[in-house]
Amino acid sequence: MKNYWKTLYNGIVPGNPVFVLLLGMCATLGTTSSAYNGLMMGVATAAVLVCSNVVISLIKNLVPDKVRIPAFIVVIASFVTVLQLVVNAWLPSLNASLGIFIPLIVVNCILLGRAEAFASKNGIFDSFLDGLGTGLGFTFALVLLGGVREILGTGMIFGAKIFPEDYGMLLFVLAPGAFIALGYLIAIVNKIRKTC
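Residues numbered from 1 in each chain as written. Predicted model: local features only at pLDDT ≥ 70, side-chain atom pairs only at ≥ 80, totals over all residues. Heavy atoms only, no water.

## As for the overall build of the protein
The helix and strand tally for the protein stands at eight helices and two strands. The order of helices and strands in the protein, counted from the N terminus, is α-α-α-α-α-α-α-β-β-α. Computed over C-alpha atoms, the radius of gyration of the protein comes to 18 Å, within 12% of the 16 Å expected from 2.2 N^0.38 for 196 residues, which places it in the range of a compact globule. For the protein, the spread of C-alpha atoms along the three principal axes comes to 60 × 45 × 25 Å. Across the 196 residues that make up the protein, the buried fraction comes to 42%. When contacts within the protein are restricted to residue pairs at least 6 apart in sequence, long-range pairs at least 24 apart make up 73% of them. About 10,300 Å² of surface is accessible on the protein, with carbon and sulfur atoms providing 72% of the total. Within the protein, the 7 negative side-chain charges are centred at a point lying 11 Å from the centre of the 12 positive side-chain charges. (Helix = DSSP H or I, 4+ residues; strand = E, 2+ residues; numbered from the N terminus. Rg over C-alpha atoms; globule rule 2.2 N^0.38 Å. Buried < 20%, exposed > 50% of the residue type's maximum accessible area, 1.4 Å probe, protein only. Contact = heavy atoms within 4.5 Å. Areas by Shrake-Rupley, 256 points an atom, 1.4 Å probe, with all protein chains shown as cover. Lys, Arg positive; Asp, Glu negative; His and termini not counted. Charge placed at Lys NZ, Arg CZ, Asp CG, Glu CD.)

Here it is, written out as structure tokens:
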């Protein structure tokens, strides 16, 4: 019997797309000014990843090799379009907050990478678990980075005040703070992975 937990776990810890593989940096750095934005971007990306992995696994034998990558991009773009329409209709504040990063999920290399490396070679349930694990790992990384930036920058996280805003460092709310915080988090994750 296959070990399904290993497929799910791989995207969360050992193959984390942000901290280990360093993929999806545009969305990671651009949307993590707060933990809430990181959570919403992670959930949106995870939803598209799971759905596209399942569909690509279903059609893998129907798509000729010459048009495999364009077909995968069309599948991913279809789910992103549906996601964008749903967010625009029911969550306009989230749409305003994430802006251009929702349509940019189409070109996120995490999605195409998982489609090519896993979903096109495995069954539906395995592809579902791979998409879910990778999506959860991506969401975890975005929430962690957004939380660190939000706490250090504003003294708050998810609207809860941790310390007075006067003690916050504006640098961490701005773009350079994203690079600094991400660099330290990657170093910490690498240290933890080497000791375990």
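## Concerning the packing of aromatic side chains
Tallied over the entire structure, the rule returns two aromatic pairs. Both rings, one in Tyr-4 and one in Phe-125, keep their centres 5.0 Å apart while their planes meet at 80°; by these two values the pair is edge-to-face. On the criterion of sequence distance, the pair formed by Tyr-4 in helix α1 (residues 4-12) and Phe-125 in helix α7 (residues 124-154) is long-range, its members being 121 residues apart. Of the residues examined, Tyr-4 reaches a relative accessible area of 29% and is grouped as partly exposed. Since its relative accessible area comes to 48%, Phe-125 is described here as partly exposed. Judged by centre distance (6.3 Å) and plane angle (20°), the rings of Phe-125 and Phe-128 are stacked. Note that Phe-125 and Phe-128 are positioned in helix α7 at a spacing of three residues, about one turn of the helix. Take Phe-128: its relative accessible area is 32%, and that puts it in the partly exposed class. Taken together, the ring pairs in this structure connect Tyr-4, Phe-125 and Phe-128 into an aromatic cluster. (Phe/Tyr/Trp six-rings, centres within 6.5 Å; stacked < 30°, edge-to-face > 60°.)

## Remarks on the nonpolar core
Counting residues in each nonpolar core, the largest one holds 30 residues, and the members touching the most others are Val-18, Phe-19, Met-41, Val-48, Leu-83, Ile-105 and Leu-182. Of the residues forming this core, the biggest block, six residues, is contributed by helix α8 (residues 175-195). The contact partners of Leu-182, leaving out residues within four places of it in the chain, are Val-18, Phe-19, Met-25, Thr-28, Leu-29 and Leu-145. Judged by nonpolar contacts, the second largest core, of five residues, contains Ile-56, Phe-72, Ala-115 and Ala-119. (Core = buried A, V, L, I, M, F, W, Y, C linked by side-chain atoms within 4.5 Å.)

## Concerning unusual backbone geometry
Non-glycine residue Leu-22 carries a positive phi angle of around 55°. Relative to the helices and strands, Leu-22 resides in the loop between α1 and α2 (25-31). One non-glycine residue, Phe-158, adopts positive backbone phi at about 50°. Residue classification places Phe-158 among the partly exposed residues on the basis of a relative accessible area of 47%.

## Remarks on a nonpolar patch on the surface
A grouping of Met-169, Leu-171, Ile-180, Tyr-184, Ile-188 and Ile-192 is seen on the molecular surface, where their side chains present a nonpolar patch of about 570 Å² in accessible area. Residue position: Met-169 is located in the loop between β2 (160-161) and α8. (Patch = residues over 30% accessible without salt bridge, like charges linked within 9 Å, V, L, I, M, F, W, Y side chains within 5 Å. Salt bridge = Lys/Arg side-chain N within 4 Å of Asp/Glu carboxyl O.)

## Structural notes on the layout of surface pockets
With a probe scaled to a water molecule rolled over the atoms, the places where space remains empty come into view. Here the largest pocket defines a volume of roughly 260 Å³. Taken together, Tyr-9, Ile-12, Val-13, Pro-14, Asn-16, Phe-19, Phe-140, Leu-144, Val-189, Ile-192, Arg-193 and Cys-196 make up the lining of the largest pocket. At the level of elements, α1, α7 and α8 are the ones that each hand at least two residues to the lining of the largest pocket. Considering every element that reaches the lining of the largest pocket, the biggest residue donor is α8, with three residues. Within the lining of the largest pocket, the residues separate by chemical class into 10 nonpolar, one polar and one charged. (1 Å grid on protein atoms, 1.4 Å probe; cavity = no way out; pocket = protein on both sides within 12 Å on 5 of 7 lines; lining within 4 Å. Points joined across faces, edges and corners; volume = space filled by probe spheres on them. Nonpolar A, V, L, I, M, F, W, Y, C, P; charged D, E, K, R; others polar.)

Bear in mind that shape data such as this cannot, by itself, settle questions of function.
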